[in-house]
Number of protein chains: 2
Amino acid sequence: MGVIHRRSGGGWDHAPRWEGVEPQRYGDSAAILKHELIGEADGAGQYRVRYFQVPPGGRTARERHDHDHGVVIVSGRARVTLGDQTDEVGEGDAVYVAGQELHCFEALGDEPLGFICVVGPRAG
Amino acid sequence: MGVIHRRSGGGWDHAPRWEGVEPQRYGDSAAILKHELIGEADGAGQYRVRYFQVPPGGRTARERHDHDHGVVIVSGRARVTLGDQTDEVGEGDAVYVAGQELHCFEALGDEPLGFICVVGPRAG
């Protein structure tokens, strides 16, 4: 059966929340929030759709792991590390992070960085 | 190896295009465009991340099929059918469409409806 998680509060860049979705801390950071918008709790078995918000000056872990990521930036700008390359990306840009590729998303400028990040069912 | 598909042109609601992504026609409609932002061509094996743009007054097929959908609205408003229910959703709302559930997304108002739609690897 289908599920709707309505976003409450303002736009992507104003600390959004979703009905029926509990924000999770991301790693050791109290400032980065992860929201699993669609996942196993909804019945999705093949993928998870998450939303991350990174405050100005913050960044995600610089890491590599087996699972890949499908990312779409929805607000703000980022400096993205992919392997030994670094690029700037902004709203609307799509980034594929391959498995075992070093990666990091760093918020640039004064706006929070918001992005959707899709993973397979077993990834963290 | 990672891939960046930069969005060219304006915002979500201004007929966006992406570098390295060829827009596809959706069914019989010349007005609805589908962009596969991340998929097999990038090396993603577990999911596909697509962007759909539906013009004002347009709607996706009213259909049901085995595969499920993870949808996030990024611009405009929609009347969404899920089984025998109909709801209005807008920017930022997340919608899970279960397998074999009747579904349809209809653009409401004067703005195009834009949404990200995630599917598993074999779904169309």
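## Some remarks on the pattern of salt bridges
Then step 1. Within the structure shown, the criterion is met by 14 salt bridges over all chains.
Then step 2. The partner of Arg6(A) in a salt bridge is Asp87(B), with the nearest N and O atoms 3.7 Å apart. On the criterion of chain membership, the pair formed by Arg6(A) in the loop between β1 (3-5) and β2 (7-8) and Asp87(B) in strand β9 (residues 85-90) is interchain, its members lying in two chains.
Then step 3. When salt bridges with common partners are traced through the structure, they connect Arg6(A), Asp87(B) and Asp93(B) into a single cluster.

## Some points on the pairing of strand β5 (residues 29-38) of chain B
Residue and element names in this part refer to chain B.
Then step 1. Bridge count between strand β4 (residues 24-26) and β5: three bridges; the pairing is antiparallel. Note that in β5 the partner of Tyr26 across the bridge is Ser29.
Then step 2. Count of turn residues in the β4/β5 antiparallel hairpin: two residues, of which Gly27 carries a positive phi of about 55 degrees.
Then step 3. Two elements, β5 and strand β6 (residues 48-54), share five bridges in a ladder whose sense is antiparallel. Looking at the pairing, Glu36 lines up with Arg50 of β6.

## A few points about the interface of chain B and chain A
Then step 1. Between chain B and chain A, the residue contacts involve 44 residues of the former and 44 residues of the latter.
Then step 2. Both sides together, the interface formed by chain B and chain A hides about 3300 Å², and carbon and sulfur atoms give 57% of it.
Then step 3. Joining chain B to chain A, the criterion identifies six salt bridges.
Then step 4. Arg6(A) is the partner of Asp93(B) in a salt bridge, and the nearest nitrogen-oxygen pair spans 3.8 Å.
Then step 5. Remark: the boundary between chain B and chain A carries 26 residue pairs in polar contact (both at pLDDT 80 or more).
Then step 6. Secondary structure elements with two or more residues in the side of chain B that touches chain A: β1 (3-5), β5, β7 (69-75), β8 (77-82), β9, β10 (94-97) and β12 (113-119) of chain B.
Then step 7. For the side of chain B that touches chain A, the element with the most residues is β7(B), which contributes six residues.
Then step 8. In terms of residue class, the side of chain B that touches chain A is built from 25 nonpolar, nine polar and 10 charged.
Then step 9. Of the pairings in the sheet, the one linking β1(A) to β10(B) comprises three bridges and is antiparallel in character. Within the sheet, the bridge partner assigned to His5(A) lies in β10(B) and is Ala94(B).

## Comments concerning the relation of the copies chain B and chain A
Then step 1. When chain B is fitted onto chain A, the two copies agree to an RMSD of 0.0 Å after a turn of 180 degrees and an axial shift of 0.0 Å. The superposition operator between the copies reduces to a two-fold rotation axis.
Then step 2. A shared interface surface links the copies, since 100% of the contact residues of chain B are contact residues in chain A too.

Reading the values: rules and limits
Residues numbered from 1 in each chain as written. Chains lettered and ligands numbered in written order. Predicted model: local features only at pLDDT ≥ 70, side-chain atom pairs only at ≥ 80, totals over all residues. Heavy atoms only, no water. Salt bridge = Lys/Arg side-chain N within 4 Å of Asp/Glu carboxyl O. Helix = DSSP H or I, 4+ residues; strand = E, 2+ residues; numbered from the N terminus. Pairing = 2+ DSSP bridges. Contact = heavy atoms within 4.5 Å. Buried area = accessible area lost by both parts, 1.4 Å probe. Polar contact = N/O pair within 3.5 Å; in protein donor to acceptor, adjacent residues only side chain to side chain. Nonpolar A, V, L, I, M, F, W, Y, C, P; charged D, E, K, R; others polar. Least-squares fit on C-alpha atoms with pLDDT ≥ 70 in both.

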